[in-house]
Amino acid sequence: VLCFHADYTWGDGMPISRICNDATTVYHHPDGSWEIFSAAIVPVKDPQSRYSDRSVSPGVVRIIMRWTSPDGIHLSKPEVVMFPDAKDEVATQFYYLTRLDLEPYTVGFFGDFNIQTQRVRIEPIWSYDHKHWNRPLRYPLWPEDYVSAATINDIVLEPDGNVSLYYNANNMDHNGKVVGE
């Protein structure tokens, strides 16, 4: 479980209220260092700006944070690396980030949760530094009418050069309702 007790703020001074321990990806690098990506919950100044009648937490937004560690024990101050922007729907919450280094850049996927549809979508992303992520496509990997909740658990570069995606997917929304019913 990731948590921190320091007084961190984000954007225009809004406090990061808690870490979501259900959406954390941990990487152990060959040099012994560690990197962690996890969702955090941040209140917004105007709760109505992120209001949804289907939200279990109105007035907050889920963002993605990153920590590094030389030894897996002493963590850096968290950095906000992904957050919904003006191009995202009001109902968008960021759920997780997973990635694979392919020099000189990193490819990845992140899950964005749509409060209105109660579905997790997977969006392809890329970065040069693991801090600034580019979202040029801004569409889900699978259509929402095909898969309603999906998470990429791991991305592996195989010895033959192919990339394998290990994922979970189902045809139910976040509340257990079968898609299409």
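Conventions we followed
Numbers given for residues are sequential positions, taken from 1 along each chain in its written order. Local features in this predicted model are restricted to residues of pLDDT 70 or higher, and side-chain atom pairs are both shown and tallied only at a pLDDT of 80 or more, whereas totals for entire chains, interfaces and linings draw on every residue. As a rule here, side-chain values cover all heavy atoms of the structure and leave hydrogens and water aside. A helix here means a DSSP run of H or I that spans at least four residues, while a strand means a run of E at least two residues long, and both kinds are numbered starting from the N terminus. Type-normalised accessible area, obtained with a 1.4 Å probe on protein chains alone, sets the label of each residue: buried when under 20%, exposed when over 50%, and partly exposed for intermediate values. Counting of polar contacts relies on pairs of N or O atoms within 3.5 Å, with two restrictions inside protein: one atom must be capable of donating a hydrogen and the other of accepting it, and residues adjacent in sequence are counted only when both atoms are side-chain atoms. At least two bridges found by DSSP between two strands is the condition for calling them paired. As used here, the term nonpolar core means buried Ala, Val, Leu, Ile, Met, Phe, Trp, Tyr and Cys residues forming a set that is joined through side-chain atoms within 4.5 Å. Any pair of residues with heavy atoms lying within 4.5 Å of one another is described as a contacting pair. Basic side-chain nitrogens of Lys or Arg form a salt bridge, by our definition, when they fall within 4 Å of a carboxyl oxygen of Asp or Glu. For this analysis, a ring pair means two rings from Phe, Tyr or Trp (six-membered ring only for Trp) whose centres lie within 6.5 Å, classed as stacked if their planes differ by under 30 degrees, edge-to-face if by over 60, and tilted for the remaining angles. Confidence of the predictor at the level of single residues is captured by pLDDT, which takes values from 0 to 100.

Caption draft 1: Highlighting the side chain of Asp 88. In this fold, Asp 88 is placed in the loop between strand 6 (79-82) and strand 7 (92-102). Judged by relative accessible area, which is 15%, Asp 88 ranks as buried. Here the side chain of Asp 88 touches Arg 135 through a polar contact of 2.7 Å, side chain to side chain. Here Arg 138 takes part through its side chain, which lies 3.5 Å from a polar atom of the side chain of Asp 88.

Caption draft 2: Structural context of the pairing of strand 4 (residues 34-43). In terms of burial, strand 4 is largely enclosed, as 8 of its 10 residues are buried. Of the strand pairs in this sheet, strand 4 and strand 5 (residues 60-69) are connected by 10 bridges, and their pairing is antiparallel. The partner of Ala 39 across the bridge, within strand 5, is Ile 64.

Caption draft 3: How the structure looks around the nonpolar core. Counting residues in each nonpolar core, the largest one holds 24 residues, and the members touching the most others are Phe 37, Ile 64, Met 82, Tyr 96, Leu 97, Trp 133 and Ile 152. Among the elements of the structure, strand 3 (18-28), strand 4, strand 6, strand 7, strand 8 (105-114), strand 9 (119-127) and strand 11 (149-157) are those that each provide at least two residues to this core. Ranked by residue count, the leading element in this core is strand 7, at 5 residues. When neighbours within four sequence positions are excluded, Ile 64 is seen to be in contact with Phe 37, Ser 38, Ala 39, Glu 79, Val 80, Val 81, Met 82, Phe 94, Tyr 95, Tyr 96 and Leu 97. With 8 residues, the next largest nonpolar core counts Ile 36, Val 44, Val 61 and Met 65 among its residues.

Caption draft 4: Representation of the pattern of salt bridges within the structure. In this structure the tally under the stated criterion is 11 salt bridges. A salt bridge links Arg 138 to Asp 85, with the shortest nitrogen-to-oxygen separation between them at 2.6 Å. Here Arg 138 is found in the loop between strand 10 (133-134) and strand 11, whereas its partner Asp 85 is found in the loop between strand 6 and strand 7, with 53 residues between them in sequence. Overall, Asp 85 belongs to the partly exposed group, its relative accessible area being 31%. One salt bridge in this structure joins Arg 135 and Glu 123, with 2.8 Å as the shortest N-O distance.

Caption draft 5: Expanded view of the packing of aromatic side chains. Under the definition given, this model contains 5 aromatic pairs. On the numbers, 6.2 Å between centres and 80° between planes, the contact of Tyr 27 with Phe 37 is edge-to-face. Pair noted here: Tyr 27 is in strand 3 and Phe 37 is in strand 4, with a separation of 10 residues, a long-range link. A single burial state applies to Tyr 27 and to Phe 37, both of which are buried.

Caption draft 6: Quick look at the confidence of the model for the protein chain. Averaged over all residues, the pLDDT of the protein chain equals 79, while 75% of them reach at least 70. Mean pLDDT values over the elements of the protein chain span from 60, in strand 1 (residues 9-10), up to 95, in strand 10.

Caption draft 7: Highlighting unusual backbone geometry. Note the cis peptide between Glu 103 and Pro 104, where omega equals 10°. Note on placement: Pro 104 falls in the loop between strand 7 and strand 8.

Caption draft 8: View of the pairing of strand 8. Among the 10 residues of strand 8, 8 are classified as buried, and the element is accordingly described as predominantly covered. Pairing of strand 7 with strand 8 involves 10 bridges; the strand directions are antiparallel. Considered in strand 8, the bridge of Leu 100 is made with Val 107. The turn linking strand 7 back onto strand 8 is made up of 2 residues. Where strand 8 and strand 9 come together, 9 bridges link them in antiparallel fashion. Residue pairing across strands places Phe 109 opposite Pro 124, the latter belonging to strand 9.

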